[in-house]
Structures are given as C-alpha cells and as structure tokens.
Amino acid sequence: HTNILGTYYLLETSLKYYHKNKNEVFKLLHISTDEVFGSLQENENLFNENSKYNPSSPYSASKASSDHLVNAWNKTYGLPTIITNCSNNYGPYQYPEKLIPLIIQKCILEEALPVYGNGQNIRDWIYVEDHCEALYEILNKGKIGDNYLIGGNQEKRNIEVVQLICKILDQIKPSNNLTSYEDLITYVNDRPAHDYRYAIDCTKINKELNWKPKVSFQNGIEKTVNWYLENMDWLNKIKMDSK
C-alpha cells in the first residue's frame, strides 16, 4: 500500500501541483533501495545505474514497482523526477527492527543476538549523514529524469557487523556476566528470499556530482553505538510503542 499506491497518489498530487505552478522550480526526488536489483554473488560486478531490476521479495518488488511508476510519470507526463537507489543505512534514530540498533539493544539487555542463516550475507553500509549529503547534492545538481546509485563502499558480512558491535561494547560497556557480548550470538533460520549480497558502484555520482562517502564503517559504528547508549530512553520507548 505504501510503496505502490502511496507512490501513485503522491505522483498524481505532484503532477497536479506541477501543472498549476509551472513557474516554480519543482522536482520530485524518489528515494529507493538497492534491493530492486536482486542478489549478487561474490564474484559479480557491483550494481550500477544500468543494472537490471530483479527483485526477490514482496518488499523489493513493491519498491521496484514504485521506481517504474516514477519513471512512467516522468516520461509520459513530463513530471520532473529523479530516482536514487541506496545501500543499507545506519546511524542515530534507526528503529530497532533493523540489524544494527537491534544488536546494540540486545547486547545492552544481554539477550540472544539473532543472526540469520550462517551470517555470511554481505551488505554495503552507508552512514545516514553521508546518504543525506548525497541526496542534497542530487536534489540540487542531479539531472531530471535520471537515476543515481548511492553506496558507502563498505561491504561487510552480517556476522562481521554483529561481532564489531560486540567488540566496541566490550570496550566501552563491558558486561559483568559475560566474557564477551559475542557469547550471545545465536544463529536462527534464514529468512525467505534472503538476498546474498548487495554492493553499489558509486562512479556516476562521484564523477557527475563530486560526491563520495566520508564516514568509515568503523567510525560510523562507534558513533552509532555511543548514540544509542546515550539515548536508551528513546530506544526503550520505541520498543514499548511497538508492542
């Protein structure tokens, strides 16, 4: 409903506004995901702006649908649109159903740390502020009707991410009951249609808009862990509200 119908209604409303306000500068920036391109193997080339759509899950299929709708409104009705597809975001204020805040929260509570399958799935991670800066550049300098891929150039296996969070917390908030937070790692059944690898080639946005990510994964994770430790009230409230 959100990704397909929501995008449709937003496009229709935007088109009406655009027709009534032709003298205004107007752009619709549609933010999508790298999941629309499906799964990569380790020896395959990175996703780029010419990669074919090959979604695996209902979520990624609905995101692909929204991308196609945006393209269609641009080509058919001349609505000024730009599409971006980004890799995995992380940082402050991310809801705890996502991997990084979930692991941080469960470490602090000393609960089992669930890892899908064997933990070897690979994701390209980007710190949220880097993503926002890329969007700002695209909104201001991007070409209408074009699409841009945004990535962090930081490919990590899921188990590596979990282990790094554990090591950081072992140093700054050691447990009184555990040798290491890694003792809490628990492998669970893999989820259906769990893509193996996502990885993005940022050549286009780097060359055309002179953008590249600034925050390394190590620094970004350290900043993120510290933020959640300082904002546990917010994290706990989100958990309570979701029940």
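Definitions and limits used
- Residues numbered from 1 in each chain as written.
- Predicted model: local features only at pLDDT ≥ 70, side-chain atom pairs only at ≥ 80, totals over all residues.
- Heavy atoms only, no water.
- Salt bridge = Lys/Arg side-chain N within 4 Å of Asp/Glu carboxyl O.
- Helix = DSSP H or I, 4+ residues; strand = E, 2+ residues; numbered from the N terminus.
- Buried < 20%, exposed > 50% of the residue type's maximum accessible area, 1.4 Å probe, protein only.
- Expected span 1.5 Å × (residues − 1).
- Arc of directions from axis to C-beta.
- Core = buried A, V, L, I, M, F, W, Y, C linked by side-chain atoms within 4.5 Å.

1. Regarding the pattern of salt bridges
Taken as a whole and assessed by the stated rule, the structure comprises 6 salt bridges. Across the salt bridge formed by Glu 133 and Lys 214, the nearest N and O atoms sit 3.4 Å from each other. Residue Glu 133 is found in helix H4 (residues 128-141), and its partner Lys 214 is found in the loop between helix H6 (203-209) and helix H7 (217-230); the two are separated by 81 residues along the sequence. Owing to a relative accessible area of 65%, Lys 214 belongs among the exposed residues under this scheme.

2. Here we look at H7
With 14 residues, H7 extends 20 Å from end C-alpha to end C-alpha; this agrees with the ideal 20 Å at 1.5 Å per step. All of the buried residues along H7 are Phe 217, Gly 220, Ile 221, Thr 224, Val 225, Trp 227 and Tyr 228. Down the axis of H7, the buried set is contained in an arc of 160°. They therefore lie on one face.

3. Some details on the nonpolar core
Counting residues in each nonpolar core, the largest one holds 28 residues, and the members touching the most others are Ile 100, Leu 113, Ile 165 and Ile 221. Residue assignment for this core shows that the elements contributing at least two residues are helix H3 (99-109), strand E4 (113-116), strand E5 (122-127), helix H5 (158-172), H7 and helix H8 (232-241). A total of 8 residues in this core trace back to one element, the largest contributor, which is H5. Counting 21 residues, the second largest nonpolar core, distinct from the first, contains Leu 40, Ala 64, Leu 149 and Ile 150.

4. Considerations on unusual backbone geometry
In this structure, Tyr 93 is a non-glycine residue whose phi angle is positive, near 70°. Positionally, Tyr 93 belongs in the loop between strand E3 (88-90) and H3. Its identity is not glycine, yet Asn 210 carries a phi of approximately 60°, on the positive side. The topology assignment puts Asn 210 in the loop between H6 and H7. By relative accessible area, which is 67% here, Asn 210 ends up exposed.

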